[in-house]
Amino acid sequence: MEIEIGKVTHYYNHLNVAVISLTDNLKLGDRIHIVGHHTNLTERIASMEVDHQPVVWVKPGDSVAIKVLDRVHEHDKVYRIVEDMTEHAPA
């Protein structure tokens, strides 16, 4: 199952870093799926930064920079892949 958690707001191609504006939580080790007109990328979060500082967990409203394996584009949607239904219980 996939839950939409945000969208790409910027991509730094010389660093392979995507900036994501979040609408849900994200933590190191989560698997994400980035989807757009020219994008279909699935990977596990290995590093994240907020204001150039490494973080292990981010919350809704944060903008987080993550290292990605391939090019992504502004406005691509970002989904967290939920492997266990207990990871995201309805509020």
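Residues numbered from 1 in each chain as written. Predicted model: local features only at pLDDT ≥ 70, side-chain atom pairs only at ≥ 80, totals over all residues. Heavy atoms only, no water.

Student: I keep staring at the overall build of the protein and nothing clicks. Help me out?
Tutor: Of the regular secondary structure elements, the protein holds zero helices and 10 strands. From first element to last, N terminus to C terminus, the protein shows the α and β order β-β-β-β-β-β-β-β-β-β. In terms of overall dimensions, the protein has a C-alpha envelope of 40 × 30 × 20 Å along the principal axes. Partitioning the intrachain contacts of the protein with sequence separation of at least 6 by distance along the chain shows that 63% fall at a separation of at least 24. (Helix = DSSP H or I, 4+ residues; strand = E, 2+ residues; numbered from the N terminus. Contact = heavy atoms within 4.5 Å.)

Student: How do you make sense of the pairing of strand β5 (residues 40-44) when you look at a structure like this?
Tutor: When a strand is regular, its side chains alternate between the sheet's two faces. Along β5, the buried face is formed by Leu41 and Glu43; none of Asn40, Thr42 and Arg44, which line the opposite face, is buried. Summarising the sheet, strand β4 (residues 31-35) and β5 pair through five bridges and their orientation is antiparallel. Bridge pairing links Arg31 to Arg44 in β5. (Buried < 20%, exposed > 50% of the residue type's maximum accessible area, 1.4 Å probe, protein only. Pairing = 2+ DSSP bridges.)

Student: Please clarify how the nonpolar core should be interpreted in this entry.
Tutor: Here is a general trend for soluble globular proteins: nonpolar side chains tend to be buried in one another's company. If you look at the biggest cluster of nonpolar residues, it comprises 18 residues, and the most contacted ones within it are Leu26, Ile32, Ile34 and Ile66. The set of elements that each furnish at least two residues to this core consists of β1 (2-12), β2 (17-22), β4 and β9 (63-67). Those residues in contact with Leu26 that sit more than four places away from it in its chain are Ile5, Ile32, Ile45, Met48, Val56, Trp57, Val58 and Arg80. (Core = buried A, V, L, I, M, F, W, Y, C linked by side-chain atoms within 4.5 Å.)

Student: When you look at the pattern of salt bridges in this model, what are you seeing that I'm missing?
Tutor: Charged atoms that come close allow side chains of opposite charge to pair. Per the stated rule, a full pass over the model turns up three salt bridges. Residues Asp24 and Arg80 are paired through a salt bridge, measuring 3.4 Å at the closest nitrogen-oxygen approach. Of this pair, Asp24 sits in the loop between β2 and β3 (26-27) while Arg80 sits in strand β10 (residues 77-81), and the two are 56 residues apart along the sequence. Among the salt bridges present, the one from Asp62 reaches Lys59, with a minimum N-O distance of 3.2 Å. A residue is classified by how much of its surface remains accessible, and Asp62, at 16% relative accessible area, is buried. For Lys59, a relative accessible area of 41% gives the class partly exposed. (Salt bridge = Lys/Arg side-chain N within 4 Å of Asp/Glu carboxyl O.)

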